[in-house]
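A look at the structure
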Amino acid sequence: MKTPVKNFIGGKWVGAHSGRTFDSRDPATGEVVGRCVDSGPEDIDEAMKAATEAFEGWRRMPAPRRGEILFRVAERLMRDKETLARTVTREMGKVLAEAKGDVQEAIDMAYYMAAEGRRQFGFVVPSELPDKSALCVREPVGVVGLITPWNFPIAIPSWKTFPALILGNTVVLKPSPETPVTASLFVQVLEECGVPPGVVNLVLGSSPELGAALVRHSNVALISFTGSTATGDQVAMDAAAGHKRVALEMGGKNAILVMDDADLDLAVDGITWSAFGTTGQRCTACSRLLVHREVKERLTRMLLNRMAKLTVGNGLKPGVEIGPLVNHAQLERVQRYIQAGMQEGARLLTGGKALTDGEYARGHFFAPTLFDQVKPTMRIAQEEIFGPVLGVLEVKDLEEAIAVNNSVQYGLSTALYTRDLNRAQRAMRDIRTAIVYINAGTIGSEVHLPFGGMRRTGNGHREAGQAALDTFSEWKAIYVDYSGRLQRAQIDKE
Ligand code: NAD
């Protein structure tokens, strides 16, 4: 990779106006992964100009042609999967197998959206008047601004970019300052697969002001944002001031519910994967374990045994299951939650501390942590921690488990372990999160189903599947009157 890593605007790799750079560092070793240009509002202006100029040509390109480009992107991502995944691991720390999963999500989404080039269904309905037809077609929204986090540095940009492109929108992508190198490799794939100049633009930078400049830009038609709820709130307010459409995917506080009839071995597998995979830094990570009192002691013992065997380390090393936290600020945040848990009376069973010896010394490693005696109102049971920290809450039955599950402000993902069909059906009806798993952990969504959250996790939009098409398009209703006379809807009924 040439340094500094540059912006991609109007089909060219260009520097930033500021002349400044910032470094992206490996959270396992502290090494610089890439030195990147540090952009400001002027660079956003240029990217917006390029995207605006490219819009008309791209909108008019037949959707199946756009689909062919996305198909090539899918094939190319598949070819480069290993290299891309290594950069993901180096830049944000997740273990290599998970980094490959991150790239695979992009591959799946590229194939899915490529096929939408030949589908993208509208509909035809009868008119209430004779000799008149009525149909509905999807229209692109315009230039869309995409603001993405670091925890899925390939998957999330692709989940936004591909549906936007297949529908004829042009894009300005503002990725997280933690993962600019991965973002630039992603955009390079699009360039090399034939996305025309100006259709996708990339602006890198370290300041929160950069995202804000994109949201506030007068020409941006839609903002699709994924990140924390605090930032999402700000984005929503800025977007509202400019009458912008805005789709928000924000924080989560997800739970696994384990009933007394559950297969506990299976549950331990799902809990370990959901709570400690990606070092707990997934929006769908499980950080609350709501366990039936009859099996709580046994399950806790089994879980502690499993946790004692987890290998923490550099995600590039074979056998490592848990990588570092993304940066020092994230490590401090997790430490603050450990303090809060202890102050509020939760019992620390294992972990609770940063790992700093030997090979851990240069990275942001944290021991997988389990709290017991957590109460539903404690901060560690209510707030998103985004680290390898799990709290056990005892419940007396399914009804209490569902009530506690629903008592947080977020509404992303819930899992239930039970062998009782009636309990499973009741949970599917009463759980208030937008994703529900039965006998599987809280993570593992597939690209053809809607993804997103209820309540404070989102604002009613969904990513992925057919739902993504609704986010990135407008409906246009078209009436064609071939009667040759004035026909008045609602009035000319006789
Ligand atoms: P973050 O909110 O700090 O940053 C997200 C993005 O917003 C970054 O690109 C950042 O530079 C940008 N940004 C910061 N301030 C801004 C502003 N004022 N205006 C516009 N943009 C601004 O989040 P993060 O730490 O990168 O990611 C972790 C968060 O993302 C967690 O809360 C996690 O739950 C959430 N997340 C949610 C989903 C989901 O689908 N619901 C998926 C992944 C991550």
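Some words on the overall build of the protein
Looking only at helices and strands, the protein features 15 helices and 23 strands. A globule of 494 residues ought to have a C-alpha radius of gyration of about 23 Å, and the protein, at 24 Å, matches this closely. Contacts in the protein between residues at least 24 apart in sequence constitute 75% of all its contacts with a sequence separation of at least 6. Accessible surface, the protein as shown: approximately 20,400 Å² in total, 51% of it carbon and sulfur. Between the centroid of the 58 positive side chains of the protein and the centroid of its 58 negative side chains there is a distance of 1 Å.

Section: the pairing of strand β5 (residues 123-126)
Two faces, one strand: in a regular strand the side chains alternate between the faces of the sheet. In this structure, β5 lies alongside strand β6 (residues 132-140), joined through four bridges in antiparallel fashion. Each bridged residue has a counterpart across the sheet, and for Val124 the counterpart in β6 is Leu135. Adjacent in sequence and paired antiparallel, β5 and β6 are bridged by five residues, among which Asp131 carries a positive phi angle near 50°.

Description of the site of the ligand
Around the ligand lies a shell of 27 residues, among which Lys174, Ser228, Thr231, Met250 and Glu384 are the nearest. In this structure, Ser228 approaches the ligand through a side-chain N or O atom, which is 2.7 Å from an oxygen atom. Interatomic distance of 2.6 Å between a side-chain N/O atom of Glu384 and an oxygen atom of the ligand. Notes on the ligand: free accessible area 860 Å², of which the protein chains cover 88%.

Observations concerning the domain arrangement of the protein
By the assigned domains, the protein splits into domain 1 (7-250 + 458-478) and domain 2 (254-438). Placing a centre on the C-alpha atoms of domain 1 and another on those of domain 2 gives a separation of 31 Å. Tallying the contact residues gives 21 residues for domain 1 and 25 residues for domain 2. For the pair domain 1 and domain 2, the summed buried area comes to about 1,900 Å², and 58% of that belongs to carbon and sulfur atoms.

Some points on the layout of surface pockets
What the largest pocket holds in volume is close to 1,100 Å³. As for the largest pocket, its lining consists of 46 residues, and the residues nearest its centre are Trp150, Phe225, Gly227, Ser228 and Thr231. Every element with two or more residues in the lining of the largest pocket is listed here: β3 (21-25), α7 (208-216), β10 (222-226), α8 (229-241) and α11 (328-343). Residues belonging to the lining of the largest pocket are distributed by class as follows: 19 nonpolar, 16 polar and 11 charged.

Let's talk about the packing of aromatic side chains
The tally for this structure, following the rule as stated, stands at seven aromatic pairs. Here the aromatic rings of Trp159 and Phe451 are separated by 5.6 Å at their centres, their planes lie at 90°, and the arrangement is edge-to-face. Of this pair, Trp159 sits in helix α5 (residues 155-166) while Phe451 sits in the loop between β21 (435-438) and β22 (454-455), and the two are 292 residues apart along the sequence. Neither Trp159 nor Phe451 differs from the other in exposure class; each is buried. The side chain of Arg66 reaches across the aromatic face of Trp58, ending 5.9 Å from its centre. Over the face of the ring belonging to Phe152 we find Lys94, whose NZ or CZ atom lies 3.6 Å from the ring centre.

Some details on the environment of Pro62
Within the secondary structure layout, Pro62 lies in the loop between α1 (41-60) and α2 (63-79). Sequence separation between Pro62 and Arg118 is 56 residues, and the spatial gap between their C-alpha atoms is 9.4 Å.

Considerations on a nonpolar patch on the surface
Together, Phe123, Val125 and Trp475 give the surface a local cluster of nonpolar side chains, amounting to about 280 Å² of exposed area. With respect to the helices and strands, the residue Phe123 is situated in strand β5.

Concerning the sheet that holds strand β17 (residues 369-372)
On the basis of which strands lie adjacent, the open sheet formed by seven strands has the order β14-β17-β18-β13-β12-β20-β21 and mixed pairing. Edge positions in the sheet fall to β14 (347-350) and β21, since each has one partner strand and no second. For this sheet, the mean inter-axis angle between neighbouring strands, taken without regard to orientation, is 25°. Here three bridges tie β14 to β17, and the two strands are oriented antiparallel to one another. Within the sheet, the bridge partner assigned to Thr350 lies in β17 and is Leu370. The sheet contacts of α11 involve β14, β17 and β18 (389-395), and relative to β17 the element is tilted by about 20°.

Re the pattern of salt bridges
Tallied over the entire structure, the rule returns 35 salt bridges. Linking Asp80 and Arg79 is a salt bridge whose minimum nitrogen-to-oxygen distance equals 3.0 Å. You can call Arg79 exposed: its relative accessible area is 61%. Between Arg216 and Glu209 there is a salt bridge, and its shortest N-O distance comes to 3.8 Å. Under the relative-accessibility criterion, Arg216 is labelled partly exposed at 47%. Each of Arg76, Arg79, Asp80 and Glu192 takes part in a single network of salt bridges with overlapping partners.

Here we look at empty space enclosed by the protein
For the structure on display, the rule yields one cavity of 30 Å³ or more. In this structure, the largest cavity occupies an estimated 70 Å³ of space. As for the largest cavity, its lining consists of 14 residues, of which Gly280, Ala285, Ser287, Glu384 and Phe386 are closest to the centre. A class-by-class count of the residues in the lining of the largest cavity yields six nonpolar, five polar and three charged.

A word on the nonpolar core
Formed by 97 residues in total, the largest nonpolar core has its most connected members in Met113, Phe162, Val258, Ile271, Leu289, Leu299 and Leu390. The greatest single-element share of this core, amounting to 10 residues, is contributed by helix α4 (residues 96-116). The residue makeup of this core includes at least three contributed by each of domain 1 (7-250 + 458-478) and domain 2 (254-438). With residues up to four places along the chain from it excluded, the contact list for Leu299 reads Val258, Leu264, Ala267, Val268, Ile271, Leu289 and Val291. With 27 residues, the next largest nonpolar core counts Ala255, Val334, Val395 and Ala427 among its residues.

Reading the values: rules and limits
- Residues numbered from 1 in each chain as written.
- Predicted model: local features only at pLDDT ≥ 70, side-chain atom pairs only at ≥ 80, totals over all residues.
- Heavy atoms only, no water.
- Helix = DSSP H or I, 4+ residues; strand = E, 2+ residues; numbered from the N terminus.
- Rg over C-alpha atoms; globule rule 2.2 N^0.38 Å.
- Contact = heavy atoms within 4.5 Å.
- Areas by Shrake-Rupley, 256 points an atom, 1.4 Å probe, with all protein chains shown as cover.
- Lys, Arg positive; Asp, Glu negative; His and termini not counted.
- Charge placed at Lys NZ, Arg CZ, Asp CG, Glu CD.
- Pairing = 2+ DSSP bridges.
- Near = heavy atom within 4 Å.
- Polar contact = N/O pair within 3.5 Å; in protein donor to acceptor, adjacent residues only side chain to side chain.
- Domains from an automatic or database assignment.
- Buried area = accessible area lost by both parts, 1.4 Å probe.
- 1 Å grid on protein atoms, 1.4 Å probe; cavity = no way out; pocket = protein on both sides within 12 Å on 5 of 7 lines; lining within 4 Å.
- Points joined across faces, edges and corners; volume = space filled by probe spheres on them.
- Nonpolar A, V, L, I, M, F, W, Y, C, P; charged D, E, K, R; others polar.
- Phe/Tyr/Trp six-rings, centres within 6.5 Å; stacked < 30°, edge-to-face > 60°.
- Buried < 20%, exposed > 50% of the residue type's maximum accessible area, 1.4 Å probe, protein only.
- Lys NZ or Arg CZ within 6 Å of the ring centre and 35° of its normal.
- Patch = residues over 30% accessible without salt bridge, like charges linked within 9 Å, V, L, I, M, F, W, Y side chains within 5 Å.
- Salt bridge = Lys/Arg side-chain N within 4 Å of Asp/Glu carboxyl O.
- Axes fitted to C-alpha atoms, helices over the stretch in contact; angles between N-to-C directions.
- Core = buried A, V, L, I, M, F, W, Y, C linked by side-chain atoms within 4.5 Å.

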